[in-house]
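One-letter residues, chain by chain:
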Amino acid sequence: MLFRSVSNTGITQSGGTSYMTAATVRVGGGHTGTGYSVPVRDNASKIADPYSSLKFPDYNACKGNGQGTMIKKDTTLSPGTYCGGITVQSSANVTLLPGVYVMVNGSFTVHGNSNVTGDQVMIGFTSDGSQPWPASLNLLGNSTMTVTSPVSGTYANIQFMGDPAQVIRSEEH
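Note that the coordinates shown come from a computational prediction; the quantities given were computed from them, not determined experimentally.

Chemist: Help me out: how do you make sense of the pattern of salt bridges in this one?
Modeler: Side chains that carry opposite charge are capable of pairing whenever their charged atoms lie near each other. The tally for this structure, following the rule as stated, stands at 1 salt bridge. Residue Asp-58 is joined to Lys-55 by a salt bridge in which the shortest nitrogen-to-oxygen separation is 2.4 Å. Look at Asp-58 and you get exposed, because its relative accessible area is 68%.

This is how it looks when you write it as structure tokens:
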């Protein structure tokens, strides 16, 4: 995994049970925490983005101030645009059906003891500019997310994607 962030907390891991498994982990800035399957390489040199020609997924415009989707019990979600993001409350189990999910102006947050699973899922994160921060993924307190990426099509082998327009904007500041 390559994280292009130059922040000294470009990757943040906290809590004794959080864990990231990857063949390699490199970040342009730094990282916190110890829950990684391999040593994290901080201050990694910037490399050309191998996905620079890949278009961010189409999504529906969000009207008003989307409050997001709040999940309090076991639920199955369908692909689509999630204005204000998705929040999974404690102890809920969520199944993501195959497809592309786009978080607009809100994060995908999974609270303690919740589980999210899905086969052939890609999750994109963006903002329409009305928020001062891009959407993100937050796994908190004993939560788990087990997803596989699409095996064919435009987003084959991609599980998570930040909107390149947001990355450029955040690198400029």
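Chemist: How should the pairing of strand 14 (residues 121–126) be read in this particular structure?
Modeler: In the case of a regular strand, side chains alternate between the two sheet surfaces. Burial analysis of strand 14 places 6 of its 6 residues in the buried class, the great majority of the element. Side-chain alternation along strand 14 places Val-121, Ile-123 and Phe-125 on one buried face and Met-122, Gly-124 and Thr-126 on a second face that is also buried. As paired elements, strand 11 (residues 99–104) and strand 14 share 6 bridges and run parallel to each other. Considered in strand 14, the bridge of Met-103 is made with Phe-125.

Chemist: Which parts of the structure should I look at to understand the environment of Ser-127?
Modeler: Turning to its location among the elements, Ser-127 is positioned in the loop between strand 14 and strand 15 (137–139). The class for Ser-127 is buried, based on a relative accessible area of 5%. Distance from Ser-127 to Val-104, taken between C-alpha atoms, is 5.1 Å for residues 23 residues apart in sequence. Within the structure, the side chain of Ser-127 is placed 3.0 Å from the side chain of Asn-105, a separation counted as a polar contact.

Chemist: What am I meant to see in the packing of aromatic side chains here?
Modeler: In this description, a pair of aromatic rings is defined by centroid distance and the angle of the planes. Across all of its chains, the model carries 2 aromatic pairs by this definition. Ring geometry for Phe-56 against Tyr-59: centres 6.1 Å apart, planes inclined by 85°, an arrangement best described as edge-to-face. Phe-56 sits in the buried class, given a relative accessible area of 9%. By relative accessible area, Tyr-59 is classed as partly exposed at 33%.

Chemist: Help me out: how do you make sense of the sheet that holds strand 17 (residues 160–162) in this one?
Modeler: Paired through their backbone hydrogen bonds, the strands of a sheet run either parallel or antiparallel. Overall, parallel pairing links the 4 strands, which are arranged 8-11-14-17 in an open sheet. A single partner strand is all that each edge strand has here, and the edge strands are strand 8 (80–83) and strand 17. Sheet twist, expressed as the mean angle between neighbouring strand axes with direction ignored, is 20°.

Quick notes on the rules
- Residues numbered from 1 in each chain as written.
- Predicted model: local features only at pLDDT ≥ 70, side-chain atom pairs only at ≥ 80, totals over all residues.
- Heavy atoms only, no water.
- Salt bridge = Lys/Arg side-chain N within 4 Å of Asp/Glu carboxyl O.
- Buried < 20%, exposed > 50% of the residue type's maximum accessible area, 1.4 Å probe, protein only.
- Helix = DSSP H or I, 4+ residues; strand = E, 2+ residues; numbered from the N terminus.
- Pairing = 2+ DSSP bridges.
- Polar contact = N/O pair within 3.5 Å; in protein donor to acceptor, adjacent residues only side chain to side chain.
- Phe/Tyr/Trp six-rings, centres within 6.5 Å; stacked < 30°, edge-to-face > 60°.
- Axes fitted to C-alpha atoms, helices over the stretch in contact; angles between N-to-C directions.

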